[in-house]
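Observations on chain architecture
Next come the chains, spelled out residue by residue.
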Amino acid sequence: MEWSKIKNIVLLILAALNIILLCIVLYRQQEARRYETELRASTVAVLADKGISVDEDTIPWEDRRATHTVRRSLEEEAALAEQMLGVCQLADTSPYTYANAVGSVRFRTNGEFVLQYEGDSPFGLAEQGAEAVHAGQVLEKLGLAAEIIEVRNTEGSIVEVSARQVWDSGPLFDCVSVLEYRSGQLRQVSGKRLFGTPDSGGQQSLTAASLLMGFMGELVSSGQVCNEITGVETGYTMTATLHDAAVLKPVWYITANTGLFELDAMTGSFKKIT
């Protein structure tokens, strides 16, 4: 047989094999999609059977986050202090405190900080009623990605703007800063911040179906009531560990008709927030 004919036969065989492999891959993908669709529908049905209604589209089925470790960066804190105060000096190391004539800022090992201005802040005056806009601009200049979650008018001319830090397209639920304005002048910023760069990630969280089944089971065992899930927000909480480090843990914030629940996405345990 001529070599050209043998080559053509081999090419035809290879082409046929590629087609077969492609069909197998497409079949498996179709089966995976079908299984996922059935799993979502059955999960919602089981919840409904236990008296918990939820729209399937409310659940973040594909949002599986991982734990992350973050280490405190003293260099980053020093740079942030200069952004907050201008040129300043390290005044103390327990806790780390930077100060100058403008004011002072203290950084603690768990991410908490307090910035206080003795006179006018370097960020200018906020227009009356536009403190939230000004706060967003301040946080942006400080390199803190955050979302404004509350504006509160307190006694006299004091306005407090609360902002929650954001990382990896999700909120850091317990990293909240409060910016205090007096007659439009920023006087104090206090709260908790992500104090370093997180690593590439570790263990992945449980699947949405597993979390919902666990949530339902714990509700029953604890005797708490939830008849409807109206919203789910995914993000992290930051827990300080030893040696100037912290762990970012994936959590769900579940809004229900009976309150707000924080669900640990690694274990499935929960606690009621409100």
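It should be noted that the structure appears before, not after, this text.
For clarity, every value in this text was computed on a predicted model and none was experimentally measured.

On to the overall build of the protein, then. Regarding its fold elements, the protein presents four helices and 14 strands. Rg of the C-alpha trace for the protein: 26 Å, well past the compact-globule value of 19 Å for 274 residues, more than 25% over. By its C-alpha atoms, the protein is 95 × 60 × 40 Å across when sized along the principal axes. Looking at the protein as a whole, 38% of its 274 residues qualify as buried. In the protein, of all internal contacts separated by at least 6 residues, the share reaching a separation of at least 24 is 54%.

Turning our eyes to something else, we now look at the side chain of aspartate 264. Within the secondary structure layout, aspartate 264 lies in strand S13 (residues 259-264). In this structure the side chain of aspartate 264 is engaged in a polar contact, spanning 2.8 Å, whose partner is the backbone nitrogen of methionine 266. From its side chain, aspartate 264 meets the backbone nitrogen of threonine 267 in a polar contact 3.3 Å long. Contact partners of aspartate 264, with chain neighbours within four places excluded, come to Leu211, Lys249, Pro250, Val251 and Ser269.

So, about the side chain of glutamate 131. By the secondary structure assignment, glutamate 131 is in helix H3 (residues 131-141). Among buried Asp, Glu, Lys and Arg side chains, glutamate 131 stands out as unpaired, with arginine 182 the closest opposite charge at 12 Å. Polar side-chain contacts of glutamate 131 include one of 3.2 Å to the backbone nitrogen of glycine 129.

Now for the packing of aromatic side chains. Per the counting criterion, the structure on display carries six aromatic pairs. Through successive ring pairs, a cluster of aromatic residues spans Phe215, Phe261 and Phe270.

A separate point is the pattern of salt bridges. Per the stated rule, a full pass over the model turns up 12 salt bridges. Here glutamate 76 ties to arginine 193 by a salt bridge, and the two come within 2.9 Å at their closest N and O atoms. With glutamate 76 in helix H2 (residues 74-85) and arginine 193 in the loop between strand S10 (185-192) and helix H4 (208-222), this pair connects stretches of sequence that are 117 residues apart.

Membership of the largest hydrophobic core comes to 25 residues, with the highest contact counts inside it found for Met84, Val105, Phe107, Leu179, Tyr181 and Leu186. Elements with a contribution of two residues or more to this core: H2, strand S5 (103-107), strand S6 (112-117), H3, strand S8 (158-167), strand S9 (170-182) and S10. The biggest single contributor to this core is H2, with four residues. If we ignore the near neighbours within four places in the chain, the residues touching leucine 179 are Ala135, Val138, Leu139, Val159, Glu160, Val161, Leu186, Gln188 and Val189. Among the nonpolar cores identified, the runner-up in size contains 22 residues, and Ile59, Val232, Ile254 and Ala265 belong to it.

All right, on to the environment of arginine 108 then. If you trace the backbone, arginine 108 turns up in the loop between S5 and S6. Given the relative accessible area of 41%, arginine 108 is considered partly exposed. For the pair arginine 108 and glutamate 131, spaced 23 residues apart in sequence, the C-alpha separation works out to 27 Å. Filtering out sequence-adjacent residues up to four positions away, arginine 108 remains in contact with Arg72 and Pro95.

Quick look at the pairing of S5 now. Residues in a regular strand project their side chains so that they alternate between the two faces of the sheet. Counted residue by residue, S5 has four buried out of five residues, so it is predominantly covered. Where strand S4 (residues 96-99) lies against S5, four bridges are found, and the strand directions are antiparallel. In the strand pairing of S5, alanine 99 is matched with serine 104. Where S4 hands over to S5, the hairpin turn is made up of three residues, counted between the paired strands.

Next up on the list: the pairing of strand S3 (residues 89-93). Relative to S4, S3 runs antiparallel, the two sharing four bridges. The partner of aspartate 92 across the bridge, within S4, is threonine 97.

The rules behind each value
All chains use their own residue numbering, which begins from 1 and follows the written sequence. For this predicted model, a pLDDT threshold of at least 70 governs which residues receive local features, and a threshold of 80 or more governs which side-chain atom pairs are given and counted, while totals over whole chains, interfaces and linings are taken from all residues. In computing side-chain properties, one takes all heavy atoms of the structure into account and sets aside hydrogens as well as water. In this text, helices come from DSSP runs of H or I with a minimum length of four residues, and strands from runs of E with a minimum of two, each type numbered from the N-terminal end. For the radius of gyration, the atom set is restricted to C-alpha positions; the globular benchmark scales as 2.2 Å times the number of residues to the power 0.38. Relative accessibility thresholds used throughout: buried, under 20% of the residue-type maximum; exposed, over 50%; partly exposed, between the two (1.4 Å probe, protein chains only). Should any heavy atoms of two residues lie within 4.5 Å, those residues are considered in contact. Counted as a polar contact is a pair of N or O atoms within 3.5 Å, where, for protein atoms, one must be capable of donating a hydrogen and the other of accepting one, and residues adjacent in sequence contribute only when both atoms are in side chains. In this tally, Asp and Glu contribute negative charge and Lys and Arg positive charge; neither His nor the terminal groups of the chain are included. Throughout this description, the term salt bridge denotes a Lys or Arg side-chain nitrogen within 4 Å of a carboxyl oxygen of Asp or Glu. Only centres within 6.5 Å qualify two rings of Phe, Tyr or Trp (six-membered ring in Trp) as a pair; their planes then separate them into stacked at under 30 degrees, edge-to-face at over 60, and tilted for everything else. We define the nonpolar core as a collection of buried residues of types Ala, Val, Leu, Ile, Met, Phe, Trp, Tyr and Cys that are connected through side-chain atoms lying within 4.5 Å of one another. Pairing between strands requires that DSSP locate at least two bridges from one strand to the other.

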